[in-house]
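Fold and contact review
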Amino acid sequence: MKRSEVNSILRHSAAFIRSFGYILPPFAQWSPREMQARRDQIEGIVSARLGWDITDYGQGDFARLGLFLFTTRNGRATDLARGGGMCYAEKIMISRENQLSPMHRHIVKAEDIINRGGATLAIEMFSSDASGALDPAAPVIVASDGVTTCLPAGGILRLAPGESVTLMPGNWHAFWGEGGDVLIGEVSTVNDDRTDNIFRDPIGRFADIEEDEDPLHLLVSDYDTWLA
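Bear in mind that the values here come from a model prediction, so they are computed numbers and not experimental data.

Details of the overall build of the protein chain
- Broken down by element type, the protein chain carries five helices and twelve strands.
- Here the protein chain has a C-alpha radius of gyration of 17 Å; the compact-globule value for 228 residues is 17 Å, and the two agree.
- Here the protein chain holds 228 residues, and 50% of them are scored as buried.
- Here the analysis covers contacts within the protein chain between residues at least 6 apart in sequence; of these, 74% occur between residues at least 24 apart.

Okay, here's the thing in structure tokens:
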């Protein structure tokens, strides 16, 4: 992706989030220069990888295959391992109309996916077999706002604004906006996008950025370079 495209997506996404009355934390507005100047104060942001995240999954076609995310809080794997402390994470995301987030599962993370507003969120789901691979035949049993729902393999759950689904580790899922763009909330156990995403097809989690202009804001994938 070109940095100019990333900057345009950032502006569009920030306006879409504000239209639903959702307010991002103050550091969302910081420039790269300000983040560099505050580097000794923001280890909590950098190490937890809080902030802006835009991905085309390395495929170069964001409108077709992509996702916008902003991580607002994220706990520690050490707390999760010992069973106490900050064991949770939260994101706000945008899935555009017919923009696919491809089929994947998580090893550790359980998550509530919540339609916070906009159009319908469509989620295609499969179960895992004993090896963790996608099972093309087994039914999928999930809780949607506390109500047990059973889908056939490859079934599509459609969430209207205000509705949610709880996905456990091993639940294969892909999703997209149906009928328009969707604001999505995610509440989960500790999140590590570098190690805990298992994709059905061999794709990347983060975008490769071509620097054709200065960044408006840093992405979490920029931190290792810009804030080293």
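Further notes follow.
Some thoughts on the side chain of Thr71
- By secondary structure assignment, the location of Thr71 is in strand β2 (residues 67-74).
- With relative accessibility at 5%, the residue Thr71 sits in the buried group.
- Those residues within four positions of Thr71 in sequence are excluded, and the remaining contacts are Phe27, Arg49, Leu50, Gly51, Glu90 and Lys91.

Details of the nonpolar core
- Counting residues in each nonpolar core, the largest one holds 31 residues, and the members touching the most others are Met35, Ile45, Trp52, Ile54, Phe70 and Tyr223.
- For this core, the secondary structure elements donating two or more residues are α1 (3-18), α3 (43-48), β1 (51-55), β2 and β3 (88-95).
- Counting residues per element, this core draws most heavily on α1, at six residues.
- Setting aside chain neighbours within four positions, we find Met35 in contact with Trp30, Ile42, Ile45, Leu218, Tyr223 and Leu227.

Remarks on the layout of surface pockets
- Taken as a whole, the largest pocket encloses approximately 420 Å³ of empty space.
- Along the walls of the largest pocket sit 23 residues, with Asn74, Gly75, Val190, Asn191 and Asp192 positioned nearest its centre.
- Counting residues per element, the lining of the largest pocket draws most heavily on α3, at three residues.
- Along the lines of polarity and charge, the residues of the lining of the largest pocket split into eight nonpolar, seven polar and eight charged.

Thoughts on the pattern of salt bridges
- Scanning the model with the defined rule gives 16 salt bridges in all.
- Taking the shortest distance from any N to any O, the salt bridge between Asp222 and Arg3 comes out at 2.9 Å. In this pair, Asp222 sits in the loop between β12 (197-199) and α5 (223-226) while Arg3 sits in helix α1, placing the two residues 219 residues apart along the sequence. The residues Asp222 and Arg3 share a single accessibility class, namely buried.
- Put simply, Arg205 and Asp53 hold a salt bridge, and the shortest N to O gap is 2.5 Å. Taken together, the residues Arg205 in the loop between β12 and α5 and Asp53 in strand β1 connect sequence positions 152 residues apart.

Some words on the environment of Pro152
- Tracing the chain through its elements places Pro152 in the loop between β8 (147-151) and β9 (155-159).
- The exposed category is assigned to Pro152, whose relative accessible area is 56%.
- Distance in space between the C-alpha atoms of Pro152 and Ser127 is 9.5 Å, their sequence separation being 25 residues.

Here's the deal with a negative patch on the surface
- Residues Glu210, Asp212, Glu213 and Asp214 make up a contiguous surface patch of negative charge.
- Note that Glu210 resides in the loop between β12 and α5.

With respect to the packing of aromatic side chains
- Applying the stated criterion across every chain yields a total of six aromatic pairs.
- Seen from their ring centres, Trp52 and Phe70 are 4.9 Å apart, and the 90° between their planes marks the pair as edge-to-face. In this pair, Trp52 sits in strand β1 while Phe70 sits in strand β2, placing the two residues 18 residues apart along the sequence. Each member of the pair, Trp52 as well as Phe70, carries the same accessibility label: buried.
- An aromatic cluster of three or more residues is present, and its members are Phe27, Trp30, Trp52, Phe68 and Phe70.
- Across from the ring centre of Trp30, 4.1 Å away, lies the NZ or CZ of Arg38, which sits over that ring.
- Here Arg205 stacks its cationic end above the ring of Phe206, 4.7 Å away from the centre of that ring.

Here's the deal with unusual backbone geometry
- Not every positive phi belongs to a glycine, and Asn98 is a case in point at roughly 60°.
- Within the secondary structure, Asn98 sits in the loop between β3 and β4 (101-106).
- A positive phi is found at Asp145, a non-glycine position, where the angle reads about 50°.
- The partly exposed category is assigned to Asp145, whose relative accessible area is 44%.

Rules behind the numbers
Residues numbered from 1 in each chain as written. Predicted model: local features only at pLDDT ≥ 70, side-chain atom pairs only at ≥ 80, totals over all residues. Heavy atoms only, no water. Helix = DSSP H or I, 4+ residues; strand = E, 2+ residues; numbered from the N terminus. Rg over C-alpha atoms; globule rule 2.2 N^0.38 Å. Buried < 20%, exposed > 50% of the residue type's maximum accessible area, 1.4 Å probe, protein only. Contact = heavy atoms within 4.5 Å. Core = buried A, V, L, I, M, F, W, Y, C linked by side-chain atoms within 4.5 Å. 1 Å grid on protein atoms, 1.4 Å probe; cavity = no way out; pocket = protein on both sides within 12 Å on 5 of 7 lines; lining within 4 Å. Points joined across faces, edges and corners; volume = space filled by probe spheres on them. Nonpolar A, V, L, I, M, F, W, Y, C, P; charged D, E, K, R; others polar. Salt bridge = Lys/Arg side-chain N within 4 Å of Asp/Glu carboxyl O. Patch = residues over 30% accessible without salt bridge, like charges linked within 9 Å, V, L, I, M, F, W, Y side chains within 5 Å. Areas by Shrake-Rupley, 256 points an atom, 1.4 Å probe, with all protein chains shown as cover. Lys, Arg positive; Asp, Glu negative; His and termini not counted. Charge placed at Lys NZ, Arg CZ, Asp CG, Glu CD. Phe/Tyr/Trp six-rings, centres within 6.5 Å; stacked < 30°, edge-to-face > 60°. Lys NZ or Arg CZ within 6 Å of the ring centre and 35° of its normal.

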